[in-house]
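Residue-level structure breakdown
In case you want the letters, here they are:
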Amino acid sequence: MVGEESDAQFQFTGIKKYFNISYTLMGRMNYVLAIYGGIALMVLYFKLRSKKTPAVKATQMGLYISDFIC
Amino acid sequence: MNENLFASFITPTLMGLPVIILIVAMPNIFIPSSNRLLTNRVLTLQRWLIQLILKQMMAMHNNKGRSWSLMLISLIIFIGSTNLLGLSPHTFTPTTQLSMNLGMAIPLWAGAVILGFRHKTKSSLAHFLPQGTPVPLIPMLIIIETISLFIQPMALAVRLTANITAGHLLIHLIGGATLALLSISVPTALVTLIILILLTILEFAVALIQAYVFTLLVSLYLHDNA
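Residues numbered from 1 in each chain as written. Chains lettered and ligands numbered in written order. Predicted model: local features only at pLDDT ≥ 70, side-chain atom pairs only at ≥ 80, totals over all residues. Heavy atoms only, no water.

Another aspect to go through is the overall build of chain A. In terms of regular secondary structure, chain A is built from four helices and zero strands. Starting at the N terminus and ending at the C terminus, chain A contains elements arranged as α-α-α-α. Relative to its full complement of 70 residues, chain A shows a buried share of 17%. Carbon and sulfur atoms make up 70% of the accessible area of chain A, which amounts to about 5900 Å² in all. (Helix = DSSP H or I, 4+ residues; strand = E, 2+ residues; numbered from the N terminus. Buried < 20%, exposed > 50% of the residue type's maximum accessible area, 1.4 Å probe, protein only. Areas by Shrake-Rupley, 256 points an atom, 1.4 Å probe, with all protein chains shown as cover.)

What follows concerns the packing of aromatic side chains. The full count for this structure, using the stated rule, is four aromatic pairs over all chains. Between the aromatic rings of Phe 117 of chain B and Phe 128 of chain B, the centroid separation amounts to 6.5 Å while the plane-to-plane angle is 35 degrees, which identifies the pairing as tilted. Of the two residues, Phe 117 of chain B sits in helix α6 (residues 98–119) while Phe 128 of chain B sits in the loop between α7 (121–126) and α8 (138–182), which places them eleven residues apart along the sequence. Ring pairing ties together the aromatic residues Tyr 36 of chain A together with Phe 117 and Phe 128 of chain B, which thus form one cluster. (Phe/Tyr/Trp six-rings, centres within 6.5 Å; stacked < 30°, edge-to-face > 60°.)

Time to look at the interface of chain B and chain A. Every contact between the two is made by 17 residues of chain B and, on the other side, 17 residues of chain A. Between chain B and chain A the total buried area reaches about 1500 Å² when both faces are included, carbon and sulfur atoms providing 75% of it. Three residues stand out in chain B for area buried against chain A, namely Lys 122, Leu 125 and Gln 131 of chain B, and they jointly supply 39% of the buried area on that side. Applying the counting rule to chain B against chain A returns zero salt bridges. In terms of residue count, the dominant contributor to the side of chain B that touches chain A is α8 of chain B (five residues). (Contact = heavy atoms within 4.5 Å. Buried area = accessible area lost by both parts, 1.4 Å probe. Salt bridge = Lys/Arg side-chain N within 4 Å of Asp/Glu carboxyl O.)

Residue and element names in this part refer to chain A. Mean pLDDT for chain A: 71, with 49% of residues reaching 70 or above. Confidence, expressed as mean pLDDT per element, reaches its minimum in chain A at helix α1 (residues 2–5) with 44 and its maximum at helix α3 (residues 25–49) with 89. The model gives residues 1–9 a pLDDT under 50, and that stretch makes eight contacts with residues more than four places away or in other chains. (pLDDT = per-residue confidence, 0-100.)

If you want it as structure tokens, here you go:
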């Protein structure tokens, strides 16, 4: 595309070089990767947060077994 | 009546053995081939048709995309001939089975996407974010573009299945209605018969158009990635 080829003439420095969102190919690619990374981190955070401690797990298991016997 | 309506979509078996492989291989019998330079009329016509489709479909591709020409031509001829043969009475049409269409759509789409990610990684990833998108919309748009990418093979398969199945069902229904109306009211039965004839002509067109649409979309996915 002409737009992407002519981006080379624009000298972006600093963070704008890597995150010039939605105009350069590199900027767009980095933004996409950042969003995917962000989603992966969020999923990981919620997965780890929902893990219960062993003591709580044991108590809940005991309650479940007692309900089953009764 | 209800059972008969869906009976034509059941995969046929012969003495307990599936004949689906024979049915899928059958259109090949109607497509002759020859190693001669100057062929007979049928083969010349076939060659002309293939060249017509090739010129129209592969003109936009680069050399790498054109290496898929044989695959795409085989695909359009297979789907077109299978759909047309299925319009004969009491025949089984393999393209009414979603499993078969998914089996065609997913590998072709995945091949094109993997090709794009392998050879043009930056461009393929940047594709998820259209140029000039406003900043607040970016995260949502990337998610939407990702979902739309994964929906492509599903849409490809379901489109073909639904079109062919719906057409066959309609022919069954209207044909049954025509027969039923024959003993009740002959003029109404005649009107229904005319509708049936028009529908059959439409189904012939749909059979060819769906083959073209399937192949064209695969070609477009390839063009985006090759």
